[in-house]
Amino acid sequence: MTEHQGVPPSDLSEQDLRRELQHVHETRHTTFLHGSDDALHAHTRRTADLEAEFLRRFPQREVDPDRLREGARQR
């Protein structure tokens, strides 16, 4: 499968990009367990494209200290 699904991530507004990311993260488990090979491949590609665009726009995104090894060790 070589065709792209959806709007290119670079064309999405910030609000739409965040909404699309939330949606692919919410649907990942079901797609992984029950989707066809093509659906899983498309979902994986779309997730990677959306995440790459988010990181391009927000390279200094907020990182929760509790999500780091040091934070986990302190708990």
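Residues numbered from 1 in each chain as written. Predicted model: local features only at pLDDT ≥ 70, side-chain atom pairs only at ≥ 80, totals over all residues. Heavy atoms only, no water.

Asks: Honestly, the packing of helix α1 (residues 14–34) against helix α2 (residues 37–57) in this entry has me stumped. Any pointers?
Replies: At a closest axis distance of 10 Å, the pairing of α1 and α2 adopts a crossing angle of 145 degrees. For α1 against α2, the interelement crossing comes out left-handed. Contacts between α1 and α2 involve Glu14, Leu17, Arg18, Glu20, Leu21, Val24, His25, Thr27, Arg28, Thr31 and Phe32 on the former and, on the latter, Ala39, Leu40, His43, Thr44, Arg46, Thr47, Leu50, Glu51, Glu53, Phe54 and Arg57. In terms of residue class, the contact of α1 with α2 is made up of eight nonpolar, six polar and eight charged. (Axes fitted to C-alpha atoms, helices over the stretch in contact; angles between N-to-C directions. Helix = DSSP H or I, 4+ residues; strand = E, 2+ residues; numbered from the N terminus. Left-handed = near helix turned anticlockwise from the far one by under 90°. Contact = heavy atoms within 4.5 Å. Nonpolar A, V, L, I, M, F, W, Y, C, P; charged D, E, K, R; others polar.)

Asks: Would you mind showing me how to read the environment of aspartate 11 here?
Replies: Among the secondary structure elements, aspartate 11 is positioned in the segment before α1. Here the alpha-carbon distance between aspartate 11 and glutamate 53, two residues 42 residues apart in the chain, equals 9.8 Å.

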